[in-house]
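Breakdown of the fold
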Amino acid sequence: MAAGRRVAIIGAGIIGAAIARVLSRFENLQVYILEENYDVGGSASRANSSVIHPGHEEDPDNQPLRARLCVEGNALWRRWCEELEIPVKWVGELMLFERNEDEKEAEKYVEWARRNNVAGVRILYGEDLFKMDSSISRNVKGGVYAPTAGLISPFEAVVALVENAVDNGVRLLTETRVKRIIARNNNIVGVETSTGFIETDIVINAAGLNADQVSHSAGVEPWFRIKPRKGEYVIFDKDAEPKPSLVLHTMPTPITKGVYALTTIHGNLMIGPTAEDLPYESKIDTSTSLKGLNQLVKEAGRILRRTPPRSKIIKFFAGLRPEPPDGKWLIKAYSQPYGFVNVAGIRSPGLTAAPAIANYVLSLLRETYGLRLIEKKGWKPSRRRISTVNEMDYSTLDKRISENPDYGEIICFCNNVSRAEVSEAVERMRAIGVKTITFDGVKLRTTAGFGKCQASRCRIRIALLISEAVGIPLHSVIMKKSSIGIGGIKTLWIESKEGVKND
Ligand SMILES: Cc1cc2nc3c(=O)[nH]c(=O)nc-3n(C[C@H](O)[C@H](O)[C@H](O)COP(=O)(O)OP(=O)(O)OC[C@H]3O[C@@H](n4cnc5c(N)ncnc54)[C@H](O)[C@@H]3O)c2cc1C
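In every chain, residue numbers begin from 1 and rise along the written sequence. This being a predicted model, a pLDDT of at least 70 is required before a residue's local features are given, and a value of 80 or more before pairs of side-chain atoms are given or counted; all residues contribute to the totals for chains, interfaces and linings.

**Some details on the overall build of the protein**
As a reminder of what qualifies: Working definition: helices are DSSP H or I runs of at least four residues, strands are E runs of at least two. Numbering for both runs from the N terminus. Buried residues are those with 20 or more other C-beta atoms within 10 Å of their own C-beta, exposed residues have 12 or fewer, and partly exposed residues lie in between; C-beta atoms are placed from the backbone. Two residues qualify as being in contact provided that their C-beta atoms, derived from the backbone, are within 7 Å of each other.
Counting its regular elements, the protein contains 13 helices and 23 strands. Across its three principal axes, the protein shows a C-alpha extent of roughly 65 × 60 × 45 Å. Burial status across the protein gives 48% buried among its 503 residues. Counting only contacts in the protein whose residues sit at least 6 apart along the sequence, the fraction spanning at least 24 positions is 73%.

What follows is the structure, given as structure tokens:
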């Protein structure tokens with residue numbers, strides 16, 4: 001590598017990962033991602049609505065940066081998803097209203113679409129709506145149609161970006177929590193982490209909910225605080241109807257884009273999110289509640305012709321939006337201390353805007369620090385997905401099994417995930433530098449455990465495969481954060497050790 005600058009990106013969510021990919025293009029940057037968790041994927045980045053927003057819901061007067069980068073991000077994802085084989089569906093969306101008096105509000109979004117250069121946005125009424133999506137309630141009067149909306153697999157997007165960045169020379173350091181930013185004579189010299197001091201010239205703070213603390217530790221923006229805003233969701237079984245063909249949602253409120261009813265990239269009806277402001281210090285409270293569930297079912301009932309019975313729910317979960325003051329993203333490169341960059345408070349539409357935010361950060365680095373960057377000659381734009389048995393036709397599957405019999409051994413029966421896919425997920429985690437292979441990492445990469453039984457059957461089989469692959473005892477395989485997570489296995493082991501007879 002030509003002599004150059006060292007860049008440490010804090011956080012392997014969608015923002016840190018997108019920035020890493022963009023910076024991996026240059027020969028004279030030595031880029032590290034520092035992530036406190038076992039794995040990449042982030043916090044908000046793995047628990048959200050998964051919508052690639054068109055950009056007509058961003059106020060061009062109050063949020064011009066969000067509006068611009070949302071529209072640019074929507075366009076960029078089309079290329080990035082192709083290059084990186086990220087699952088995506090460009091389905092379009094309808095923002096639905098039931099009362100005539102909402103029409104004025106709906107017109108505002110058409111006007112914002114015009115000002116933000118979002119193509120094709122218009123209001124549709126009655127039969128035109130029902131023809132477009134038969135799952136819409138007959139009580140709905142009209143809807144703002146935005147054809148450029150998409151649905152993505154958010155976790156796979158982060159994984160794809162990191163895999164591609166690492167393939168292009170970026171280093172990922174997991175289980176590395178940044179405690180403090182260190183500057184000397186007003187220049188960034190490094191970061192103090194849970195694993196020791198790391199030298200760097202530039203620090204990019206993409207630490208999601210913790211980005212305010214990181215910024216304060218650099219002595220920057222002491223007024224800036226991030227409030228967690230919780231969003232709960234419910235996911236229904238694959239056989240539950242209806243399955244909206246478009247992204248449907250209620251009218252936005254001052255704090256959220258409304259409640260969505262959509263068919264996820266994996267084919268399940270998902271309803272959510274709620275919007276609840278939590279105290280500043282509640283940055284890990286992702287609990288779900290009956291109140292949230294009742295609210296979601298009620299809201300979805302306003303826009304769907306019918307909602308499935310609650311017995312069809314297979315999962316509740318919640319994500320925390322990193323809400324900045326006035327909803328304003330803080331993206332800035334500082335000269336005091338020289339080399340510190342905030343990409344902080346990236347609330348919605350951060351997933352959509354991520355590729356555009358990454359390009360914007362690159363332009364800030366060039367302008368503020370005068371970087372003369374040299375493009376890598378052999379930079380690789382593409383990355384291959386794990387091939388899945390679920391998507392193979394008979395002859396491909398037959399050929400794969402003849403080459404590798406593990407494709408014929410199904411581990412997750414709900415989602416048809418084979419032993420070969422689980423092994424590939426483990427190999428890929430190791431290849432990017434994940435030190436602790438978790439059940440959660442395998443699940444999110446393969447969809448094993450995401451089906452009707454929610455891993456009741458495959459958890460033990462995957463844990464066994466991990467224990468064999470890594471060479472650790474079964475009871476110490478980590479579920480998500482701790483080994484207690486696979487309590488069933490651990491209990492079984494402890495009981496038999498103590499001589500308790502298991503039937
Ligand atoms: C309920 C909900 C719905 C949403 N829906 C959408 C949507 O449909 N479309 C859309 O465009 N956007 C949506 N968003 C917004 C989008 O998810 C976020 O804007 C985006 O994920 C933010 O990404 P991030 O990388 O900044 O943060 P995160 O994903 O939170 O990643 C930050 C990372 O930093 C790490 N970290 C934190 N502190 C440290 C430290 N000290 N040292 C090392 N690592 C650290 C964390 O472990 C984490 O991995 C939604 C958000 C939520 C919560």
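**Looking at the site of the ligand**
Where we set the bar: For each residue, a C-beta atom is positioned from the backbone; the residue is called near a molecule or strand if that atom sits within 6 Å of it. Only Asp, Glu, Lys and Arg are considered charged, only Ala, Val, Leu, Ile, Met, Phe, Trp, Tyr, Cys and Pro nonpolar, and every remaining residue, Gly among them, polar. For the domain bounds, the source is a domain assignment made automatically or taken from a database.
If you check the shell around the ligand, you find 41 residues, and the closest are Gly11, Gly13, Gly42, Gly208 and Gly350. At the level of elements, helix H1 (14–23), strand E19 (313–323) and helix H8 (350–369) are the ones that each hand at least two residues to the shell around the ligand. Class assignment of the residues belonging to the shell around the ligand gives a composition of 18 nonpolar, 18 polar and 5 charged. Viewed by domain, the shell around the ligand spans two of them, domain 1 (1–86 + 152–226 + 324–385) and domain 2 (93–147 + 230–320), each represented by three or more residues.

**Concerning the pairing of strand E1 (residues 5–10)**
Defined as follows: Strands pair, by our definition, only if DSSP identifies at least two bridges between them. Seen with its strands pointing away from the viewer, a crossover is right-handed when the path leading from the first strand over the helix to the second is clockwise.
As defined by bridge partners, E1 adjoins strand E2 (residues 29–34) across 6 bridges and the pair is classed as parallel. For arginine 6, the partnering residue across the bridge sits in E2 and is glutamine 30. With H1 bridging E1 and its parallel neighbour E2, the resulting β-α-β unit is right-handed. Sheet topology places E1 next to strand E13 (residues 202–205); 4 bridges connect them, and they run parallel.

**A short note on helix H3 (residues 103–116)**
We apply this condition: Expected helix span is computed as 1.5 Å times (number of residues minus one). Note that the arc is defined by the directions from the helix axis to the C-beta atoms.
Over its 14 residues, H3 extends 20 Å from the first C-alpha to the last, a length consistent with the 20 Å expected when each residue adds 1.5 Å. Among all positions in H3, only Tyr109, Trp112, Ala113 and Asn116 are buried. Looking straight down H3, one finds that the buried residues subtend no more than 105 degrees of arc, so they occupy a single side. Across H3 from its buried face, at more than 90 degrees, point the exposed residues Lys104, Glu107 and Glu111. The positive-phi residue at the C-terminal boundary of H3 is asparagine 117, with phi of around 60 degrees.

**Observations concerning the sheet that holds strand E4 (residues 88–89)**
In a beta sheet, neighbouring strands are held together by backbone hydrogen bonds and run either parallel or antiparallel to one another. The sheet built from 3 strands is open, its strands ordered E3-E8-E4 with antiparallel pairing. Edge positions in the sheet fall to strand E3 (51–52) and E4, since each of these pairs with one other strand and no more.

**Focus on the confidence of the model for the protein**
What counts here: The predictor rates its confidence in each residue with pLDDT, a number between 0 and 100.
Of the residues in the protein, 95% reach a pLDDT of 70 or more, and the chain-wide mean stands at 94. Segment residues 490–503: pLDDT under 50, and 8 contacts once partners within four positions in sequence are set aside and those in other chains are kept.

**Let's talk about the packing of H1 against H8**
Put simply, the rule reads: An axis is simply a line fitted to the C-alpha atoms; with a helix, the fit covers only the stretch in contact. Between two such axes, the angle follows the N-to-C directions and lies from 0 to 180 degrees. The labels follow the angle: roughly parallel below 35 degrees, roughly antiparallel above 145, roughly perpendicular from 65 to 115, and oblique for the rest. For a crossing to be left-handed, the near helix must be turned anticlockwise from the far one by less than a right angle; the clockwise case is right-handed.
At their nearest, the axes of H1 and H8 sit 8 Å apart, and the two run at 40 degrees to each other. Taken together, the axes of H1 and H8 are oblique relative to one another. Classified by chirality, the crossing of H8 by H1 is right-handed. Between H1, through Ile14, Ile15, Ala18, Ile19, Arg21, Val22 and Leu23, and H8, the contact on the second element is made entirely by Gly350, Leu351, Ala354, Pro355, Ile357, Ala358, Asn359, Val361 and Leu362. Its residues assigned to classes, the contact of H1 with H8 comprises 13 nonpolar, 2 polar and 1 charged.

**Structural notes on unusual backbone geometry**
The linkage connecting glutamine 336 with the following residue, proline 337, adopts the cis geometry, with an omega of -5 degrees. Mapped onto the elements of the fold, proline 337 is located in the loop between strand E20 (330–335) and strand E21 (338–344). With an omega dihedral of 5 degrees, the bond running from serine 348 to proline 349 counts as a cis peptide bond. Structurally, proline 349 can be placed in the loop between E21 and H8. Despite not being glycine, glutamate 175 has its phi angle at roughly 55 degrees, a positive value.

**Overview of the environment of serine 287**
Looking at where serine 287 falls in the secondary structure, it is placed in the loop between strand E18 (276–277) and helix H7 (290–303). Overall, the presence of 11 C-beta atoms within 10 Å leaves serine 287 in the exposed class. The sequence separation of serine 287 and glycine 231 amounts to 56 residues, and the corresponding C-alpha distance is 9.9 Å.

**Observations concerning the domain arrangement of the protein**
Annotation of the protein at the domain level lists domain 1 (1–86 + 152–226 + 324–385), domain 2 (93–147 + 230–320) and domain 3 (392–497). The straight-line distance from the C-alpha centre of domain 1 to that of domain 2 is 29 Å. The interface of domain 1 with domain 2 comprises 22 residues on the first partner and 23 residues on the second. Looking at side-chain class alone, the side of domain 1 that touches domain 2 contains 9 nonpolar, 9 polar and 4 charged residues.

**Thoughts on H8**
A turn of α-helix holds 3.6 residues, and therefore any two residues three or four places apart point the same way. Heads up, the rule is: The reported bend at a residue is simply the angle between two axes, fitted to the 7 residues ending at it and to the 7 residues beginning with it.
Over its 20 residues, H8 runs only 25 Å from end to end, short of the ideal 28 Å by more than 12%, given 1.5 Å per residue. Its axis deflected by about 40 degrees at alanine 356, H8 carries its strongest bend there. Looking one or two residues beyond H8, the residue adopting positive phi is glycine 370, at roughly 60 degrees.

**Describing the environment of threonine 436**
Among the structural elements, threonine 436 can be located in the loop between helix H10 (419–432) and helix H11 (439–446). As a C-alpha pair, threonine 436 and glycine 339 span 97 residues in sequence and 31 Å in three-dimensional space. In this structure threonine 436 touches Tyr38, Glu175 and Ile478, once residues within four positions along its chain are discounted.

**Digging into the pairing of E2**
Bridging between E2 and strand E9 (residues 171–173) involves 3 bridges; their strand directions are parallel. Bridged to isoleucine 33 within E9 is leucine 172.

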